[in-house]
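One-letter residues, chain by chain:
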Amino acid sequence: MKKYKRLILLLMSTVSISWAQEYQQKFEQLGTILPTPNSYRSASGRPGHEYWQQQADYDISVTLDDLNQTITGSETITYTNNSPDPLSYLWLQLDQNKRAKNSNTYKTDKSSIRNSLSAKSLQAITRDFNYDGGFKINKVTDTEGNALAHTTNSTMMRIEIPNALNSGDSYSFEIDWSYNINDRMLEKARSGYELFPEDGNYVYTIAQWFPRMAVYDDVNGWQNKQFLEQGEFALPFGDYDVEITVPADHIVAATGTLKNSREVLSKEEYDRFQRAKTADEPVIIVSDSTAIAKEKAPVKDKTSTWKFSAENVRDFAFATSRKFIWDAQGVLINDKRPLAMSFYPKEGNPLWEKHSTEAVVKTLQTYSKYTIDYPYPVAISVHAASIGMEYPMICFNFGRPDKDGTYSDGVKYGMISVVIHEVGHNFFPMIINSDERQWTWMDEGLNSFLQYRTEVEQYENYPSKRGPASSIVSYMSGDKSYIRPIMTNSEQILQFGNNAYGKPAAALNILRETIMGPELFDYAFKEYARRWAFKHPMPADFFRTMEDASAIDLDWFWRGWFYGTDHVDLGIDQVKWYRIKQSEKTVERQLSNKKQKVGGRRENHQAEKPSDFEGGFTEFTVVPTDGRYYGEFLARVDDEGIIQNHSDQNFYEITFTNNGGLVSPIIIEFTYKDGTKEIEKIPAEIWRMNEQVATKVFVKEKEVVNISLDPNGETADTISENNFFPKKDVKSRFEQFKENEK
Ligand SMILES: [Zn+2]
């Protein structure tokens, strides 16, 4: 083990010698990489003066069949063309077709056989499900009942409209459809049902359940890139009126405001629901005993219809079950009081009644502080096994105790984290409505960053997984053939969680803490949220706004962290310790020594790099300033005064190397002989003239005994062995991990 480590050190020092100056344009402006600003998207990062976006309003009724697990719906969509272009056809998304038998998702899913394979894995390879998935489109007509020509291409449907829809006009049309709901236990899915075999009841988490308008915008035209799996959704804003018919004993949680609570709730439930709106802690609206009683005697022949409306949302999802326990409380956010609510089967308790609504409250508070005040009337967390998935005002979250109700810290913090994360998605991408089909990081990365802020600010000693710089070190120093830039289309991302969640979250954290400072960062980040709330931002709008609002050139940062795969590894190549030569502290003495040359005496040159401070300092000579340094100026500096001022100081000339390629600020900790420490921060621009090597002199009154880089691990520096002078035998991260395990 020891020998091996020596070898690595040796190799590293070889690498650091080979720094022939190579110009990689790390500080060049993004210029041609970013789209040219125009009247729709301005150079400052704000929406341009002619910015436009489409509107899609929905009127939907849907029935859930609890006996056959099917959805049957009909909708009227009113589409408003705010673009300057006439549209002769409209594209809709048929996401359920991803689960059709002939789906391209299944055709392009890679698979392989190993020596030993679980039956469930074999079932996944053979698709031995007997499940008939995908939308059955039963009708596409105008509002008069005239059939509209339409063509389905996998997960997209084109509807031809008789006369082109001109700029500023609206068009209404109707679609009837049905589909078989999928069993989520069989294969990973963002929606579907879960069967509870002990009582025979279901929890339905229903999403991507109606034909939805695709986005038409100034960047892509129609965003009709097929839905394969990884790349999520791009959706326009609109208003929704939705009627959901379910068995009479079901409780429904959905996007929007419940319009007929008096009809669908019992008198007691209704009263508790009203009380919850002003309560400071969760009020149980439907208790576990009520839910358990319903499980035992399900209603099979009666239905009730729950009516919801939602304004300015990009989607609509719901969850329904007779198993639901329901609690709620109001959250004061300035002049608004949205309702934080949780719905969960008894299988989620006691974890869910303790932590879910509380996490929703904390999330709304923290995110509102960093972005905009939460604008919607409700924020709902629903317990669903083994997923975390977000929709406007509602999300589905994992975290289930063992059968006896006990749970580990891992289960508890996993559950709180997923609730924060999915509720946080209300802000990114539901309100700040980025294109998930194209850019995963714009919602997942920004959201993971604020998830971390919430964990840090709202909980004590929270075991955060993503956000800290140190959390991304092993990913970034890994094999580059498995790493792609953050700026990669969703479908092609490798190491999904690290690429689109962990790395952007850590990058933003470094930007906030180390590069911009919280004050400048928070203002700019909030400005981005303000500018793009209820609009469709693109990456350049974010990059530009962060600079526009802070006066910090961040092009090098976006280039390195978002467009590249380099990692941070700065090192100390050498340190030279100097003092002014004692015998020549006065100008007079030096004047008599005409052999001196500017820059010190020949014997001062060190043949070998010093490896520690043991050899003492080297002396250098200061000579009177030659007249040629003054040019035309007639005045003169006080040579002797300058020498006197610095005669007792220590000069440390440090040569830093950029081994990882990703330019980064240099954070240097000096430890003095008297045991005190001092940290100096050098901005990343020190690398702008030479991207591989930088030498700088540090002047100290006290003697330095130790120099270390990034002492608090805030820059994601991947190799710590080269961060010390004198060199330290630093434990590798693996060894540290092994030691912590003990
Ligand atoms: Zn997410």
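Residues numbered from 1 in each chain as written. Predicted model: local features only at pLDDT ≥ 70, side-chain atom pairs only at ≥ 80, totals over all residues. Heavy atoms only, no water.

Undergrad: Talk me through the coordination of the zinc ion; I want residue IDs and the actual numbers.
TA: For the zinc ion, the full set of protein donor atoms is H421 (NE2), H425 (NE2), E444 (OE) and E444 (OE), and the range of their distances to it is 1.9 to 2.6 Å. Note that the zinc ion binds four donor atoms; their angles at the metal cover 55 to 150°, and the shape is irregular. Linear spacing of the donor residues for the zinc ion on their chain is H-x3-H-x18-E. Taken together, the residues span a long stretch of sequence, with H421 in helix α8 (residues 409-424) and E444 in helix α10 (residues 441-458) at a distance of 23 residues. (Donors = N, O, S within 2.8 Å, 3.2 Å for Na, K, Ca; no water. Tetrahedral: all angles 85-135°; square planar, octahedral: opposite > 155°, others 65-115°. Helix = DSSP H or I, 4+ residues; strand = E, 2+ residues; numbered from the N terminus.)

Undergrad: Give a detailed account of a negative patch on the surface, specifying residues and quantitative values.
TA: Taken together, the side chains of D59, D239, D241, E243 and E311 define an acidic patch exposed on the protein surface. Here the negative patch gets three residues from one element, more than from any other, and that element is strand β13 (residues 238-247). By the secondary structure assignment, E311 is in strand β17 (residues 303-313). (Patch = residues over 30% accessible without salt bridge, like charges linked within 9 Å, V, L, I, M, F, W, Y side chains within 5 Å. Areas by Shrake-Rupley, 256 points an atom, 1.4 Å probe, with all protein chains shown as cover. Salt bridge = Lys/Arg side-chain N within 4 Å of Asp/Glu carboxyl O. Lys, Arg positive; Asp, Glu negative; His and termini not counted. Charge placed at Lys NZ, Arg CZ, Asp CG, Glu CD.)

Undergrad: Tell me about the sheet that holds β13, residues and numbers included.
TA: One open sheet holds the seven strands; their spatial order is β4-β7-β2-β1-β13-β17-β15, and the pairing between them is mixed. The strands lining the two open edges of the sheet, one partner per strand, are β4 (136-142) and β15 (257-258). In terms of strand pairing, β4 meets strand β7 (residues 170-180) through six bridges, oriented antiparallel. Bridging across to β7, D142 finds its partner in F173. (Pairing = 2+ DSSP bridges.)

Undergrad: Explain unusual backbone geometry residue by residue, including any values.
TA: Cis peptide bonds are those with omega within 30 degrees of zero, and the linkage from N349 to P350 qualifies with 5°. Secondary-structure assignment places P350 in the loop between β20 (339-344) and α7 (351-370). Residue P429 follows F428 across a cis peptide bond; omega there is 15°. Looking at where P429 falls in the secondary structure, it is placed in helix α9 (residues 426-431). Positive phi, normally seen in glycine, also occurs at Q495, with a value near 50°. With respect to the secondary-structure elements, Q495 resides in the loop between α11 (473-476) and α12 (496-516).

Undergrad: Please give an account of the environment of L165 that cites residues and values.
TA: When you line up the elements, L165 lands in strand β6 (residues 156-165). Along the primary structure L165 and L87 are separated by 78 residues, whereas in three dimensions their C-alpha atoms are 5.0 Å apart. Among residues more than four places away in sequence, those in contact with L165 are Y79, N81, D85, P86, L87, L90, S170 and Y171. (Contact = heavy atoms within 4.5 Å.)

Undergrad: Just give me the short version of empty space enclosed by the protein, but keep the residues and values in it.
TA: A probe as big as a water molecule, rolled over the atoms, marks out the empty space that is left. Counted according to the given criterion, the structure contains eight cavities of 30 Å³ or more. The wall of the largest cavity is formed by 14 residues, among which L258, F273, F308, W326 and M341 lie closest to the centre. Taken together, the elements giving at least two residues each to the lining of the largest cavity come down to β14 (251-254), β15, β17, β20 and β21 (378-383). Broken down by class, the residue content of the lining of the largest cavity amounts to twelve nonpolar, two polar and no charged. Each pocket or cavity is described by its volume, and for the second largest cavity that value is around 70 Å³. The wall of the second largest cavity is formed by D95, Q96, K98, R99, R190, Q208, F227 and E229. Across the lining of the second largest cavity, the residue classes tally to one nonpolar, two polar and five charged. (1 Å grid on protein atoms, 1.4 Å probe; cavity = no way out; pocket = protein on both sides within 12 Å on 5 of 7 lines; lining within 4 Å. Points joined across faces, edges and corners; volume = space filled by probe spheres on them. Nonpolar A, V, L, I, M, F, W, Y, C, P; charged D, E, K, R; others polar.)

Undergrad: Could you give me a rundown of helix α14 (residues 539-548), with the residues and numbers involved?
TA: With nine of ten residues buried, α14 lies mostly within the body of the structure. Where α14 is concerned, the buried positions are P539, A540, D541, F542, F543, R544, T545, M546 and E547. Taken together, the buried residues of α14 touch α10, α12, α13 (518-532) and α15 (555-562). (Buried < 20%, exposed > 50% of the residue type's maximum accessible area, 1.4 Å probe, protein only.)

Undergrad: Could you give an account of the confidence of the model for the chain, with specific residues and numbers?
TA: For any part of a model where pLDDT is low, the fine detail of the predicted coordinates should not be relied upon. In the predicted model, the chain carries a mean pLDDT of 93, and 92% of its residues have values of at least 70. Predicted confidence is poor over residues 1-19, with pLDDT under 50, and the contacts of this stretch with residues over four places away or in other chains come to 15 contacts. Contacts of residues 588-605 to residues separated by more than four positions or lying in other chains number 27 contacts, the stretch itself having pLDDT below 50. (pLDDT = per-residue confidence, 0-100.)

Undergrad: Any chance you could break down the pairing of strand β3 (residues 87-93) for me, citing the residues and the numbers?
TA: Counting buried residues in β3 gives five out of seven residues, a clear majority hidden from the surface. Inspection of the sheet shows β3 paired to β6 by six bridges, in the antiparallel sense. Paired with L90 across the two strands is I159, which belongs to β6. Here β3 runs beside strand β10 (residues 212-213); their pairing, made up of two bridges, is antiparallel. Residue Q93 lies in a different strand from β10, and its bridge partner there is R212.

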